Every structure is written in C-alpha cells, then in structure tokens.
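# Coordinates in review
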Amino acid sequence: MMLTPSAVTLAQLRAVWSGARFSLSAPAWSALDDAAESIARITASGRTVYGVNTGFGLLAQTRIADDRLLDLQRNLILSHSCGLGEPLDAPVVRLAIILKAIGLARGHSGVRRVVVERLLALVEADALPVVPAQGSVGASGDLAPLAHIGAALIGEGRIALAGETLPAADALARLGIAPLVLGPKEGLALINGTQVSTAIALDALFIAERVFASALIGGALSVDALKGSLAAFDPRLHEARGQPGQIAVAATLRRLLEGSAINQSHANCEKVQDPYSFRCQPQVMGASLDLIRHVAQTLEIEANAVTDNPVVFPDADEAVSGGNFHAQPVAFAADMLAMALCEIGSISERRTAVLVDPKMSGLPAFLVKDSGVNSGFMIAQVTAAALVSENKSLAFPASVDSIPTSAGQEDHVSMATAAARKARTIADNAAGVIGIELLAATQGIDFHAPLLTSPTLDVVVAEIRRSVPHYASDRFLADELNWAKQRVLLGDLAGDVSTELFPS
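First things first, this report covers the structure right here in the doc. Residue numbers restart at each chain and count upward from 1, following the sequence in its written direction. Where totals are concerned, whole chains, interfaces and linings use all residues; where local detail is concerned, this predicted model gives features only for residues with pLDDT of at least 70, and gives and counts side-chain atom pairs only at 80 or more. Note: side-chain values were computed over all heavy atoms of the structure, leaving out hydrogens and water.

The next subject is the pattern of salt bridges. Think of it this way: side chains of opposite charge can pair up when their charged atoms draw near. The salt bridge criterion pairs a side-chain nitrogen of Lys or Arg with a carboxyl oxygen of Asp or Glu, the two atoms within 4 Å. Applying the stated rule across the entire model yields 20 salt bridges. The closest approach of N and O atoms between E349 and R350, which form a salt bridge, is 2.7 Å. Relative accessibility thresholds used throughout: buried, under 20% of the residue-type maximum; exposed, over 50%; partly exposed, between the two (1.4 Å probe, protein chains only). The exposure class of E349 is buried, given its relative accessible area of 4%. Here R350 falls in the partly exposed class, since its relative accessible area comes to 42%.

Shown next, in the form of structure tokens:
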C-alpha cells in the first residue's frame, strides 16, 4: 500500500493500524530532501532560527554555537524523555511512528531522509519503542512520548523486539542498525507534533466504530427479544427531522430486523410504544454516529498535518515559528468521541435492564427459568451499570482543562493525550456493556422459540450460541461476558454494519 503524505485516507490508516505493510510515495522522499537542503542553507547563512540554533521554550532567546548544534538535538531528546505510567499499546506506538513519518515527509520539517528511513525500519522490524502513556499535555505537541520514540533512534531508552524488552542500543545492534546522529532541527522535529495523541485517538475511533456497529446489532436483537414495535423506525419519521445519522441508523435497524418471525407474530398487537432505549435508538445512536463521523474527519486531517515547529518553507528558505503543535483539534475530537461512546453504552445498559425486568419485558425474571434459585443475568446487568457509571465519570472533557508549563512560555495547552486516553478507556468499557446486551438479548430471543429472529440477526445468534450456550441455570458467567466483550472489540459480531456506516 502506498501512502502519500497530505492525502492518506482513513481507510489506509485503519489498514496500517491493523498491521498492513506500506511504503511512502516517491514525491514524499523528494520533499524530504528539499526541506533538509533548505535547513542546511539556513544553518550555513548564520541566521538565528528557533530550534535550529537556539534553546527551547523559555530558553528560545539563547543562541547556540555552531559546534554544539548536534549536542543540542541529542540533549533535547534525552531531556524530554520523561514519560511515566504503563507503556502505550503496540498498535498505538506503531501508528504514532507512521504518523510521524507522514508528517515529516510532508517536507516542512527539515529532517534528512535517513530520519524517516530509520523510523520506518523500526516499524518494518516490529521493533517498537517503549513509550510511557503519561507525560504529554498536548502542547508543544506530545513532547515526552515522542521523545521516547526519538530516544530509540539514537540508542537510548527501550525497544520491544520479538517478545523481549531490550535497551534500545542492544535492539538496534540486533537489527544491524547504527544509532542515529541527529542533525540540526531533527530532534525538535521528532518531538514536536501531535502524532501520539492522534494515534491514541485513532485507536479509540477504530474501536468505537466496532462498538457502535455491535451496539446496533444488540439493539436490534433487544427489540425482537422485547417483541418491540418497528413503527419507531419508519423512514418518514426520520426524514421529517432530517438528521443524517438518525436516518442512517433507522435504515440499518429496519434492515437488521427485516423478515423476523418474532416481529411478525405480534404485528397486530395493541402495544403503542416501547421504552425510549428501544424506540429512540435512531435519535440517540444517530447523534452518536454524526459525532463519530465528525471525529473521523478531524483525525484524518490531523494524521496528514504538519504539526512541527518551526515550519520550513524550502522554496523561500524560511522557517516560520507558529503553533501547529497545539493539539486542540485532537482534544475536542477525543472528548466528542468519549461523549458519543458514553451514550452508546448508556442506552445499551437500559435495554438490558428492561430485558431482565419481567414487568417490562414479559420474559422470565433475569432471563432465567426457575428464578429465585437462579439469579440469571441479575449481576451481569449490575456490571453493565457499573461500567456505564464509570464512563460518566471519565467523560468530563479534558479539553476544557489547561495548565501552564515551561515557566509560563507554554501557558495554554490542549490536554489532547489525556482526552484520547480517556476515550479509549471509555470505548473498552462500552464494549463490555454491549457484550452483556448481546448475550442478554440472545437469551431473550431463545424464549420465543420456535419463532426466529430475522435471517440477518439469526446469524449473530448462531455465532453466539456456538461459544455461549443457553443460560438454563446459574453458572460461572465472567468468562462468557469477557468473550462477548472481545467479540465487540474485534468487530466479530458486527457483520457488515461497520462497512455500511463507516465506508472506506
């Protein structure tokens, strides 16, 4: 797969996130060379340029002697490698390195092509720097986590390679790669940028797409388990309002439920309305879909962005200082994604609560026969409620926070990395909630036998029942709940809903 910096698509980002092989387009390498030559000319001219021959942050007014410029870049990487906490997951680190390569290859950073070649060599060898999750405030870019990636290039820090975590120098030696000696501006270009927060946010987004699609499957199954009405999904209702996500979700629910014998069995019943968590799925899930699509658009732009500082314009041999490293767009996107995921989980848990309540559902109490002796899905619903409440506490937007750093020079920051990390945790919790609903709704469907749900949903029921048998009496349930959660995270039960609603 060929990646063209400035034009990398969301579909390509999904593919490389999943491990697809790739290369950079030929014009990208030419752009790198042009920018590196421009920095060489600027340096030779003796002009004072931030980050090339000055200190950093509050020390930006300190001019650095020419014979110490290489020390400046190495020291920058070492001094900024200050992350704490658990390491970021390997797919996130891999994606962050790829995003950094894309940004540098736009040709506005001034690094030599060898810098990008070394980054891509790490990806190719699956030799991933160990990057602590904590330490970025989202401006001036993701300094600490990106410094840990840069440190690996110069033989410092640690690298995960072939199941081992090694000193970076040892890992590079095993790969036959010499530690990189950084040239002017190259250390700064490596640590300035939004690539880590964007990578975490993209990871959360791609999981959110699977959670969303699985939630629609679960919601449709719950409608049938409840013997709910399809009137609330009438296309005329949603076209009258005009919200695009709402229209799309209603159409998906109609398709999923088409041909259900359970639904046809009560076509002439006197039920007028179902609880909101059932009949308002198009409105709630549709609004979430619109948010997720907006987030995707923002992150696709940011994945292609030049977020270095200063930005080099080779045609004029200029290096212009600005603030493209400020990750406010990513912070807002991650917080919106978190809110959408909260609602996806919240409405799912309410449907499970209805199904386990015999007064609301008409099904056996807690979805098990001989209730009393058996507790059935009683505590599974409690677990879903606990996850939903935890998500509420996590959903407070990080983007409204700011704290001054660097002796007040960097006096407003985005907190994008914290926002993205929270969104990813919320996505994981929501997957657990949806997994519980899928099992509960499938249990409810069983009680309507011999009537079947729709052909589309029956495929999901059969897939679940291959691994999770009908709940006839109490048994150890945690492993089955975890199985369902993992299926949601992997998108295994979502069918073609993901591709339908999140096209390439």
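So, about unusual backbone geometry. Note on backbone geometry: most residues besides glycine have negative phi, and most peptide bonds are trans. Between A139 and S140 the backbone carries a cis peptide bond, its omega angle lying at 5°. A cis amide bond, omega 10°, links A449 with the succeeding residue P450. Each helix is a run of DSSP H or I of at least 4 residues and each strand a run of E of at least 2, with the numbering of both proceeding from the N terminus. Residue position: P450 is located in the loop between α18 (416-446) and α19 (455-467). Non-glycine residue D126 carries a positive phi angle of around 55°. Within the secondary structure layout, D126 lies in the loop between α5 (113-124) and β4 (128-129). The class of D126 is partly exposed, set by a relative accessible area of 47%. The backbone phi angle of A407 is positive, close to 55°, even though this residue is not glycine. Looking at the secondary structure, you find A407 in the loop between α17 (378-394) and α18.

Once that is clear, we can look at the packing of helix α9 (residues 195-225) against helix α11 (residues 244-257). For any two helices packed against each other, one specifies the crossing angle of their axes together with the interaxial distance. It is at 10 Å that the axes of α9 and α11 come closest, and there the two elements cross at 55°. Our classification of the angle between α9 and α11 gives oblique. The interaxial crossing formed by α9 with α11 has right-handed handedness. Within the contact between the two elements, α9 uses F212, L216, I217, A220, V223 and D224 and α11 uses V249, T252, L253, L256 and L257. Residue type decides the class: Asp, Glu, Lys and Arg count as charged, Ala, Val, Leu, Ile, Met, Phe, Trp, Tyr, Cys and Pro as nonpolar, and the leftover types, Gly among them, as polar. Looking at the contact of α9 with α11 residue by residue, the class counts come to nine nonpolar, one polar and one charged. Only the stretch in contact is used when a helix axis is fitted, and all axes are lines through C-alpha atoms; the angle between N-to-C directions ranges over 0 to 180 degrees. Roughly parallel covers angles under 35 degrees, roughly antiparallel covers those over 145, roughly perpendicular covers 65 to 115, and oblique covers all other angles. In this scheme the crossing of two helices becomes right-handed for a clockwise turn of the near helix relative to the far one and left-handed for an anticlockwise turn of less than a right angle. Throughout, a contact is declared for two residues whenever any of their heavy atoms are within 4.5 Å.

Attention now goes to α17. Each α-helix winds once per 3.6 residues, and so residues spaced three or four apart point in a common direction. Here α17 spans 25 Å end to end across 17 residues, near enough to the 24 Å set by a 1.5 Å rise per residue. Of all the residues in α17, the buried ones are A380, Q381, A384, L387, V388 and N391. For α17, the angular spread of the buried residues around the axis is 115°, confining them to a single face. The outward face of α17, more than 90 degrees from its buried face, is lined by the exposed residues I379, K392 and S393. In the core, the buried residues of α17 are packed alongside α15 (328-356), α18 and α20 (478-490). To estimate the expected span of a helix, count its residues, drop one, and scale the result by 1.5 Å. The arc in question is the one traced by the directions running from the helix axis out to the C-beta atoms.

Right, let's get into the pairing of strand β6 (residues 158-161). Consecutive residues of a regular strand have side chains that alternate between opposite faces of the sheet. Along β6, the buried face is formed by I159 and L161; none of R158 and A160, which line the opposite face, is buried. Note: β6 against strand β7 (residues 164-167), four bridges, orientation antiparallel. What sits directly across from R158, in β7, is P167. Turn length for the β6-β7 hairpin, with the two strands adjacent in sequence and antiparallel, is two residues, and the turn residue A162 shows positive phi of about 50°. Whether two strands pair depends on DSSP finding at least two bridges between them.

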